[in-house]
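Spelled out, the chains give:
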Amino acid sequence: MALPLHPLIDGGLPLEKGDPNFPGGTLRCHCAGHKVEVTLGGNVLHNHACGCSKCWKPAGAVFAVIAVIPVGQVAVTANEDKLHVVDESAAIQRHACRECGVHMYGRIEKDHPFKGFDFVHVELSDDKGWQEPQFAGFVSSILEQGYDPAKMGAVRAKLRSAGLETYDVLAPALMDAIAAWTAETSQSRL
Ligand SMILES: N[C@@H](CCC(=O)N[C@@H](CS)C(=O)NCC(=O)O)C(=O)O
Ligand SMILES: [Zn+2]
Ligand SMILES: [Zn+2]
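Computed from a predicted structure; not experimentally measured. (Residues numbered from 1 in each chain as written. Chains lettered and ligands numbered in written order. Predicted model: local features only at pLDDT ≥ 70, side-chain atom pairs only at ≥ 80, totals over all residues.)

1. Remarks on the site of ligand 1
The following threshold applies: Should the C-beta atom of a residue, placed from the backbone, lie within 6 Å of a molecule or strand, that residue is near it. Three classes are used: nonpolar for Ala, Val, Leu, Ile, Met, Phe, Trp, Tyr, Cys and Pro, charged for Asp, Glu, Lys and Arg, and polar for all others, with Gly counted as polar.
Around ligand 1, the neighbouring residues are Cys-50, Cys-52, Ser-53, Lys-54, Cys-55, Ala-90, Ala-91, Ile-92, Phe-138, Ser-141 and Glu-144. Residue composition of the shell around ligand 1, by class: seven nonpolar, two polar and two charged.

What follows is the structure, encoded as structure tokens:
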């Protein structure tokens, strides 16, 4: 059964590994001209598939592929005036191109365990060597967007066959980091 999930996951297994010495590269939006460009000064961390409704996905994809990178390694290098924040009330302020809708980077401005990291989609770059997706998160969230519940077993099996363990929030190491941050910040407020 063909089960398209995302071009980076569908196109041949196992996933091509990233280059540990990769120096970074440039992300470009989908506009034909006057593309928004974001230059990343290093490789990404915690790259993963995300099934949530808020992350940008290419046409036809069920999952987004999204990673984090320190804010200091992110620079908008062309056509910044085309960017707008998709949802000002979200923790992650997703800066998208007004014309093509592609999310160029997401930034957290409020107190949050991941503040200091930006969220980016490496598929917007032609450069090779980006860290490959490490796991699939928010998998059950695809149902909230109308995905057929009968296909969930096949979706999880396909993700696992690509080497991506599936979680309904994030992978344990990230959940631990969030919980430890919550404990630390609540104690400091006592
Ligand atoms: N089930 C919800 C989950 C949304 C969600 O919590 N997304 C995660 C992963 S990207 C998040 O950290 N969101 C924060 C935000 O969007 O600001 C949905 O699909 O909309
Ligand atoms: Zn665009
Ligand atoms: Zn998401």
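2. Some details on the sheet that holds strand β3 (residues 45–50)
Spelled out, the test is: For two strands to pair, DSSP has to find at least two bridges joining them. Elements are defined by DSSP. Helices are runs of H or I of four residues or more, strands are runs of E of two residues or more, and each kind is numbered from the N terminus.
Across the sheet, which stays open at both edges, the eight strands sit in the order β6-β7-β8-β9-β4-β3-β10-β11 with mixed pairing between neighbours. Each edge of the open sheet carries a strand with a single partner, namely β6 (83–85) and β11 (165–166).

3. A closer look at the nonpolar core
Rules: Note on terminology: a nonpolar core is any set of buried Ala, Val, Leu, Ile, Met, Phe, Trp, Tyr and Cys residues joined through C-beta atoms within 7 Å. With C-beta atoms placed from the backbone, a residue counts as buried when 20 or more other C-beta atoms lie within 10 Å of its own, as exposed when 12 or fewer do, and as partly exposed for counts between those limits. By the criterion used throughout, residues are in contact when their C-beta atoms, derived from the backbone, lie within 7 Å.
Among the nonpolar cores identified, the biggest contains 40 residues, and Ala-49, Phe-63, Ala-64, Met-104 and Val-120 are the most heavily contacted of them. Per-element accounting of this core gives the leading share, five residues, to strand β4 (residues 64–70). If we skip the residues at most four places from it in the chain, Val-120 touches Leu-27, Leu-40, Val-44, Ala-67, Ile-69 and Tyr-105.

4. Remarks on the confidence of the model for the chain
Worth spelling out the cut-off: Per residue, pLDDT captures the predictor's confidence, and it can take any value from 0 to 100.
On average, the chain scores 95 in pLDDT, and the residues at 70 or more come to 97%. For this predicted complex, the interface confidence score (ipTM) comes to 0.98, while the overall pTM stands at 0.96.

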